[in-house]
Amino acid sequence: MNSSQEIEIKATVLNYLEGIATADGARINEAFYSSVNLSSTDDGGNLVLTPKDSLIAYATGPDIPQNKGEIEKIEVINDMAFVKARIDLPEYQFFDFLTLLRLNTGWKIVSKTYTTIHP
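Residues numbered from 1 in each chain as written. Predicted model: local features only at pLDDT ≥ 70, side-chain atom pairs only at ≥ 80, totals over all residues. Heavy atoms only, no water.

(A) Spatial organisation of the nonpolar core. With 28 residues, the main nonpolar core has Ile 9, Tyr 16, Ile 20, Ile 28, Phe 32, Leu 98 and Leu 100 as its most contacted residues. The set of elements that each furnish at least two residues to this core consists of helix 1 (3-22), helix 2 (25-31), helix 3 (52-59), strand 3 (68-77), strand 4 (80-88), strand 5 (93-103) and strand 6 (106-117). A per-element tally of this core places helix 1 first, with five residues. Setting aside chain neighbours within four positions, we find Ile 9 in contact with Ile 74, Val 76, Ala 81, Val 83, Leu 100 and Trp 107. (Core = buried A, V, L, I, M, F, W, Y, C linked by side-chain atoms within 4.5 Å. Buried < 20%, exposed > 50% of the residue type's maximum accessible area, 1.4 Å probe, protein only. Helix = DSSP H or I, 4+ residues; strand = E, 2+ residues; numbered from the N terminus. Contact = heavy atoms within 4.5 Å.)

Spelled out as structure tokens, the structure:
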């Protein structure tokens, strides 16, 4: 990974993380590819696919608590990147595995798989 790739990848992921922290839907939207789904499981172990627009609605709505995101790991192979990120909220944490691709419009998150941990 060269330093310019890392800077561009971090900028994309920070748009997402800081967009969540500041309730800035435009920044969140900018980080993701247009048709991305967010993947997780429900309490029964079933796959749940959440549209990006639902994340933006939640993050910009009145119910999201104060939070802080952090990039924990970045790995790059050619035009693909893997990022592990964490978002700390008062009562739980989100852990994200993000896959990014370098598209003709720049680096975009094309996949997000996440889980929550309640301490």
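Here the narrative resumes.
(B) View of the packing of aromatic side chains. Inspection of the entire model under this criterion finds four aromatic pairs. Measuring from ring centre to ring centre gives 5.3 Å for Tyr 16 and Phe 32, while their planes differ by 85 degrees; the resulting arrangement is edge-to-face. In this pair, Tyr 16 sits in helix 1 while Phe 32 sits in the loop between helix 2 and strand 1 (37-41), placing the two residues 16 residues apart along the sequence. With relative accessibility at 0%, the residue Tyr 16 sits in the buried group. Taken together, the aromatic side chains of Tyr 92, Phe 94 and Tyr 114 make up a single cluster linked through ring pairs. The lysine or arginine in question, Lys 112, covers the ring of Phe 94, its NZ or CZ lying 6.0 Å from the ring centre. Looking at Lys 112, its charged tip hangs above the ring of Tyr 114, at a distance of 5.0 Å from the centre. (Phe/Tyr/Trp six-rings, centres within 6.5 Å; stacked < 30°, edge-to-face > 60°. Lys NZ or Arg CZ within 6 Å of the ring centre and 35° of its normal.)

(C) Examining the sheet that holds strand 6 more closely. A sheet is described by the order of its strands in space; here six strands give the open sequence 2-1-6-5-4-3, paired in mixed fashion. Looking at which strands have only one partner, the edges of the open sheet turn out to be strand 2 (47-51) and strand 3. Direction aside, neighbouring strands of the sheet carry axes that sit 20 degrees apart on average. Summarising the sheet, strand 5 and strand 6 pair through eleven bridges and their orientation is antiparallel. Looking at the pairing, Phe 95 lines up with Thr 115 of strand 6. On the sheet, helix 1 packs against strand 3, strand 4, strand 5 and strand 6 and is oriented at approximately 150 degrees with respect to strand 3. Running at roughly 70 degrees to strand 2, helix 3 makes contact with strand 1 and strand 2 of the sheet. (Pairing = 2+ DSSP bridges. Axes fitted to C-alpha atoms, helices over the stretch in contact; angles between N-to-C directions.)

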